[in-house]
Amino acid sequence: SLLHVLEHAGIRTLWRDNQTGCKGVCEGLAFESFEHGDVPGTCTRDGCLDKAMLHGLAERIAAQPGDQVIVLHQLGNHGPAYYARYPAEFRRYMPECATSDLDRCTREQIVNAYDNAVLYTDDFLARTIRLLGEQSGRDTALIYLSDHGESLGENGLYLHGVPYAIAPDTQTRVPMVMWFSPGFAADRNLDIDCMKRESHAPASQDNLFHSVLGLMQVQTPEYDRKLDLFDRCVAPG
């Protein structure tokens, strides 16, 4: 996997998980699970909110010298229990569907619960960016990419998992967000204005593997420059 290539190149990896594991992607590498965590105010016997994965993260970063790549595997907006993905203060869109049995809710309630979960993901990303920005003496970056989208009643479909060949756009068009500290952008000669222009061009999950290798300056036969989203925006020098 990408993480094994990075680790082989001397870049330490860490997978922090708030789901049910990494499906072999991080096998044999550093792994921490928060599925049944005990972070006060964030975890219950039913599980943890995603911000639990930020608990102690600054200390883990500080304890490891050199380059690092850390994966935060969220519960995110996974259904059908959208209501369980966010705390009470994020119940902005109401009425919400407060059950996993979507048949007992209206479409409006389901969409409201999902949108509340999206708000919480936004907050989680903001917290993560702030944490990275506070790492003294380190150049930091964040890439956020969903693994799938979600149907919320369009054409009578809910959740996800429809075979890709016939899946609707709501399940296959996913968000990607990036952030770079000024030091990181400068060190890599990364033209942020160029990245903003390129953000309108088509991209897919196939780009992630090669883009991270390029961003971390890993030289390997597995790297394909044509699939590196950053390659066209790295200034010479």
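A brief look at the structure comes next. Quantities reported herein were computed from a predicted structural model and do not represent experimental measurements. (Residues numbered from 1 in each chain as written. Predicted model: local features only at pLDDT ≥ 70, side-chain atom pairs only at ≥ 80, totals over all residues. Heavy atoms only, no water.)

## Thoughts on helix α7 (residues 206–215)
Along an α-helix, residues three or four apart share an orientation, since each turn contains 3.6 residues.
Part 1 of the reasoning: In terms of residue burial, α7 counts as a mostly covered element, since seven of its 10 residues are buried.
Part 2 of the reasoning: The complete set of buried residues in α7 reads N207, H210, S211, V212, L213, G214 and L215.
Part 3 of the reasoning: Buried residues belonging to α7 abut α1 (2–8), β6 (141–145), β9 (176–180) and α5 (182–187).
Part 4 of the reasoning: Q217 sits one or two positions beyond α7 and adopts a positive phi of about 60°. (Buried < 20%, exposed > 50% of the residue type's maximum accessible area, 1.4 Å probe, protein only. Helix = DSSP H or I, 4+ residues; strand = E, 2+ residues; numbered from the N terminus. Contact = heavy atoms within 4.5 Å.)

## Structural notes on the state of the cysteines
Part 1 of the reasoning: The final tally for this structure, using the stated rule, is four disulfides.
Part 2 of the reasoning: With its sulfur 2.1 Å from that of its partner, C22 forms a disulfide with C26. Handedness of the C22-C26 disulfide follows from its S-S torsion of about -95°: it is left-handed. Here C22 and C26 have matching classes, each one buried. (Disulfide = S-S within 2.5 Å.)

## A short note on empty space enclosed by the protein
Part 1 of the reasoning: One pass over the structure, following the stated rule, counts one cavity of 30 Å³ or more.
Part 2 of the reasoning: Here the largest cavity defines a volume of roughly 30 Å³.
Part 3 of the reasoning: As for the largest cavity, its lining consists of N18, C48, L49, D50, L75, G76, A84, R85 and Y120. (1 Å grid on protein atoms, 1.4 Å probe; cavity = no way out; pocket = protein on both sides within 12 Å on 5 of 7 lines; lining within 4 Å. Points joined across faces, edges and corners; volume = space filled by probe spheres on them.)

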